[in-house]
Amino acid sequence: MMHTVRSNADFDRQLMAAGGRLVVVDFTASWCGPCKSIEPKVKALSRKYKDRAVVLKVDVDKCSNVAHDYRVSCMPTFVFIRNGRRIDRFSGADEMELEYKMSKMAKAK
């Protein structure tokens, strides 16, 4: 499942609603070329792991407080969260790295 975050409060609600599932936060921007190039892969992985992971798409220009809280300085940046705790992160449009991390973390509980 993929959700476009609309506000800081929406982000907090989505984290709570995820429960124990893996949350993958995709920090992106409308003007970011690499973000656009990896978006189809992000969507495909969100469908593939829909029962075990939630993907939250956060536009850093619209939700700058969330981006600041997670110390995002380049896009795309992916932050992996479970039970409210950050467990991993990486920056860059690396489809293989994203798929590897999601497959590994979506299986763990």
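Data block above holds the structure.
Here is what the cut-offs are and how they apply
- Residues numbered from 1 in each chain as written.
- Predicted model: local features only at pLDDT ≥ 70, side-chain atom pairs only at ≥ 80, totals over all residues.
- Heavy atoms only, no water.
- Helix = DSSP H or I, 4+ residues; strand = E, 2+ residues; numbered from the N terminus.
- Rg over C-alpha atoms; globule rule 2.2 N^0.38 Å.
- Buried < 20%, exposed > 50% of the residue type's maximum accessible area, 1.4 Å probe, protein only.
- Contact = heavy atoms within 4.5 Å.
- Areas by Shrake-Rupley, 256 points an atom, 1.4 Å probe, with all protein chains shown as cover.
- Core = buried A, V, L, I, M, F, W, Y, C linked by side-chain atoms within 4.5 Å.
- Expected span 1.5 Å × (residues − 1).
- Polar contact = N/O pair within 3.5 Å; in protein donor to acceptor, adjacent residues only side chain to side chain.

A. Just the overall build of the protein chain, in detail. Counting its regular elements, the protein chain contains 4 helices and 5 strands. Relative to the compact-globule value of 13 Å for 109 residues, the protein chain shows a C-alpha radius of gyration of 12 Å, a close match. Judged by the C-alpha coordinates and their principal axes, the protein chain covers about 35 × 30 × 20 Å. Out of the 109 residues belonging to the protein chain, those deemed buried represent 44%. Of the contacts formed within the protein chain by residues at least 6 apart in sequence, a portion of 70% connects residues at least 24 apart. With the model as given, the accessible surface of the protein chain reaches about 6,100 Å², and the carbon-plus-sulfur share is 50%.

B. Up close: the nonpolar core. With 21 residues, the main nonpolar core has Phe 11, Val 25, Phe 27, Val 58 and Tyr 70 as its most contacted residues. Counting residues per element, the ones that place at least two in this core are α1 (8-18), β2 (22-28), β3 (53-59), α3 (64-69) and β4 (77-82). When residues no more than four places from it in sequence are discounted, the contact partners of Val 58 are Val 5, Phe 11, Val 25, Asp 26, Phe 27, Thr 28, Cys 63 and Val 66. If you look at the next biggest cluster of nonpolar residues, it comprises 15 residues, including Leu 22, Tyr 49, Phe 90 and Met 105.

C. Representation of helix α4 (residues 95-107) within the structure. Taking 1.5 Å as the rise per residue, α4 with 13 residues should run 18 Å; its terminal C-alpha atoms sit 18 Å apart, in good agreement. All of the buried residues in α4 are Leu 98, Lys 101, Met 102, Ser 103, Met 105 and Ala 106. Near the N-terminus of α4, the side chain that reaches the backbone nitrogen of Met 96, with its oxygen 3.2 Å away, is that of Asp 94.

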